[in-house]
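Commentary on secondary and tertiary structure
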Amino acid sequence: NGKYLATASRDNTCSLIDVEKQTRIECFNSLHTDYVRTVCFSRNSRYLVTGSWDSSICIVDIESRKLIKRLENVNTEAPRDGWKEGVNSVAFSADGKHLAVGCKDKTVKIINTEELL
């Protein structure tokens, strides 16, 4: 919706920025334990998704600024069911029904967002 920007940082944090005021309105410093590599907003601008080299993704409700879901390295033995290493990228499909998670292990996991949200 153009109201917010999000940043990812090597200090394990991500920030939510109010574009109009040009100020940081939230610093999420407890979502991840390693470099936050990627951030993206859901298509409806309700959620912020973060991905980290700690092998997790976090979904934050923008309005409440609360963590609503954390998915970690869910299956190291079967990469098609999870990912082995850190997360490099996250992106929603155009219709918002799927979330792609690109990982350091050169895999991409497609997650049905209806199962998450």
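Before any of the text, the structure's been laid out above.
Residues numbered from 1 in each chain as written. Predicted model: local features only at pLDDT ≥ 70, side-chain atom pairs only at ≥ 80, totals over all residues. Heavy atoms only, no water.

1. Notes on the nonpolar core
Ranked by size, the top nonpolar core spans 14 residues in total, and within it V49, I57, V90, L99, V101 and I111 carry the most contacts. V49 has contacts with T38, V39, C40, C58, I59, V90, F92 and L99, leaving out every residue within four places of it along the chain. With 10 residues, the next largest nonpolar core counts C14, L16, V36 and V60 among its residues. (Core = buried A, V, L, I, M, F, W, Y, C linked by side-chain atoms within 4.5 Å. Buried < 20%, exposed > 50% of the residue type's maximum accessible area, 1.4 Å probe, protein only. Contact = heavy atoms within 4.5 Å.)

2. Some words on the sheet that holds strand β9 (residues 98–103)
Read from one edge of the open sheet, three strands run β8-β9-β10, paired in antiparallel fashion. Every other strand in the sheet has two partners, leaving β8 (87–92) and β10 (108–112) as the edge strands with one partner each. Within this sheet the neighbouring strands show an average axis-to-axis angle of 20°, counted without direction. Bridge analysis of β8 against β9 gives five bridges, and the strand direction is antiparallel. Bridge pairing in β9 links F92 to L99. (Pairing = 2+ DSSP bridges. Helix = DSSP H or I, 4+ residues; strand = E, 2+ residues; numbered from the N terminus. Axes fitted to C-alpha atoms, helices over the stretch in contact; angles between N-to-C directions.)

3. Quick word on the pattern of salt bridges
When charged atoms on two side chains of opposite charge get close, those side chains can pair. In this structure the tally under the stated criterion is three salt bridges. Residue R46 pairs with D61 through a salt bridge whose shortest N-O separation is 3.5 Å. Of this pair, R46 sits in the loop between β4 (36–41) and β5 (47–52) while D61 sits in strand β6 (residues 56–61), placing them 15 residues apart in sequence. For R46, a relative accessible area of 45% translates into the label partly exposed. Take D61: its relative accessible area is 9%, and that puts it in the buried class. Of the charged contacts in the structure, one is a salt bridge between R70 and E72, with a shortest N-O distance of 3.2 Å. Under the relative-accessibility criterion, R70 is labelled partly exposed at 30%. (Salt bridge = Lys/Arg side-chain N within 4 Å of Asp/Glu carboxyl O.)

The quantities given are spatial measurements derived from coordinates; they are silent on function.
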